[in-house]
Amino acid sequence: MNKRTALIFFLTLLAGLSVSAALCAQETAGRRETPERFAALREKFALDREKLHHVEIGTMHSPKSLGFTIELPDDDYDASDLFTLLADMHGLWDGTRPMPGIKLSYVRNVTLKEFRLDDCIEASFYTGPGIIAGVVHDSDKPFGFMAGLTGDVGVRLFFPSRIVLYFEFGMDIALFVSSHPYTSGIDMSYYRSGLKNFFYPQLRIAYSLR
């Protein structure tokens, strides 16, 4: 990751953390901690799973891709279906590519554990497999078609204001097909960027439509 990419990503991450702190501070400002208040908090700490899982629309932010997301929960709230439209940013930050690629993905996320951080933030760990396809660049190759498997793992923070933040990592295991640079044939290989960019964190900012 070059310096420009790192700066852009860390500014995005800092903005997400600032939103988290501001939302929590707004919820807790001016509250008195009386015995009655503690009793109310204990009752409030009981997770309302239905409240936590509604249709969410949002945006994805990462050094490797930017895009839009929609997430649909299951009726039992143990899993959700995530659909993502992404602009692949490979080569754009350093100016080696003139335009982004496009990727579409579907991921079946499963909730591993739900818990409370305090009286204003509810959180959960999740992971899930999925499929992905798109027209993208890979390494020094021309535009080509990629398709294969994808997946993510991360933590979800839900605020009373219905803002939801996701901090996650994602990986693509796919084939990449493009025209051969020296012949008129087809060049087929594995999608290198999907593996080597796994360690680029992703910030997803969503709004719950409950």
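Model, not experiment: these values are computed from the prediction. (Residues numbered from 1 in each chain as written. Predicted model: local features only at pLDDT ≥ 70, side-chain atom pairs only at ≥ 80, totals over all residues. Heavy atoms only, no water.)

J.: Whenever I open this one, the packing of aromatic side chains confuses me. Can you help?
T.: One pair of aromatic rings is described through two measures. These are the centre distance and the angle between the planes. This model, assessed by the stated rule, comprises six aromatic pairs. A ring pair is formed by Phe 115 and Phe 125, whose centres lie 5.4 Å apart and whose planes are at 35 degrees; its orientation type is tilted. Residue Phe 115 is located in strand E4 (residues 101-116), and its partner Phe 125 is located in strand E5 (residues 122-138); the two are separated by 10 residues in the primary sequence. A relative accessible area of 21% means that Phe 115 is categorised as partly exposed. Between the aromatic rings of Phe 169 and Phe 198, the centroid separation amounts to 6.0 Å while the plane-to-plane angle is 40 degrees, which identifies the pairing as tilted. Here Phe 169 is found in strand E7 (residues 163-179), whereas its partner Phe 198 is found in the loop between helix H4 (192-196) and strand E9 (202-208), with 29 residues between them in sequence. The class for Phe 198 is partly exposed, based on a relative accessible area of 22%. Put simply, the rings of Phe 169, Phe 198 and Phe 199 pair up and form one aromatic cluster. A cation over a ring is seen here: Arg 192 above Tyr 190, with NZ or CZ 5.2 Å from the ring centre. Geometry around Tyr 166 places Arg 204 over its ring, the cationic atom sitting 3.7 Å from the centre. (Phe/Tyr/Trp six-rings, centres within 6.5 Å; stacked < 30°, edge-to-face > 60°. Helix = DSSP H or I, 4+ residues; strand = E, 2+ residues; numbered from the N terminus. Buried < 20%, exposed > 50% of the residue type's maximum accessible area, 1.4 Å probe, protein only. Lys NZ or Arg CZ within 6 Å of the ring centre and 35° of its normal.)

J.: Sorry, what's going on with the pattern of salt bridges here?
T.: Enumeration according to the criterion identifies nine salt bridges in this entry. Across the pair Asp 81 and Arg 108 runs a salt bridge whose closest N-O atoms are separated by 2.9 Å. On the criterion of sequence distance, the pair formed by Asp 81 in strand E3 (residues 79-88) and Arg 108 in strand E4 is long-range, its members being 27 residues apart. For Arg 108, a relative accessible area of 28% corresponds to the partly exposed category. Taking the shortest distance from any N to any O, the salt bridge between Lys 103 and Asp 88 comes out at 3.7 Å. Residue Lys 103 is located in strand E4, and its partner Asp 88 is located in strand E3; the two are separated by 15 residues in the primary sequence. Neither Lys 103 nor Asp 88 differs from the other in exposure class; each is buried. One salt-bridge network, held together by shared partners, links Glu 71, Glu 168 and Arg 204. (Salt bridge = Lys/Arg side-chain N within 4 Å of Asp/Glu carboxyl O.)

J.: So what exactly am I meant to see when it comes to a nonpolar patch on the surface here?
T.: Together, Val 55, Ile 57, Ile 70, Leu 72, Phe 83, Tyr 207 and Leu 209 make up a nonpolar patch on the protein surface, roughly 530 Å² of accessible area in all. With respect to the helices, strands and loops of the structure, Phe 83 is situated in strand E3. According to the relative accessible area criterion, Phe 83 is partly exposed, its value standing at 36%. (Patch = residues over 30% accessible without salt bridge, like charges linked within 9 Å, V, L, I, M, F, W, Y side chains within 5 Å. Areas by Shrake-Rupley, 256 points an atom, 1.4 Å probe, with all protein chains shown as cover.)

That's the geometry; what it means functionally is another story.
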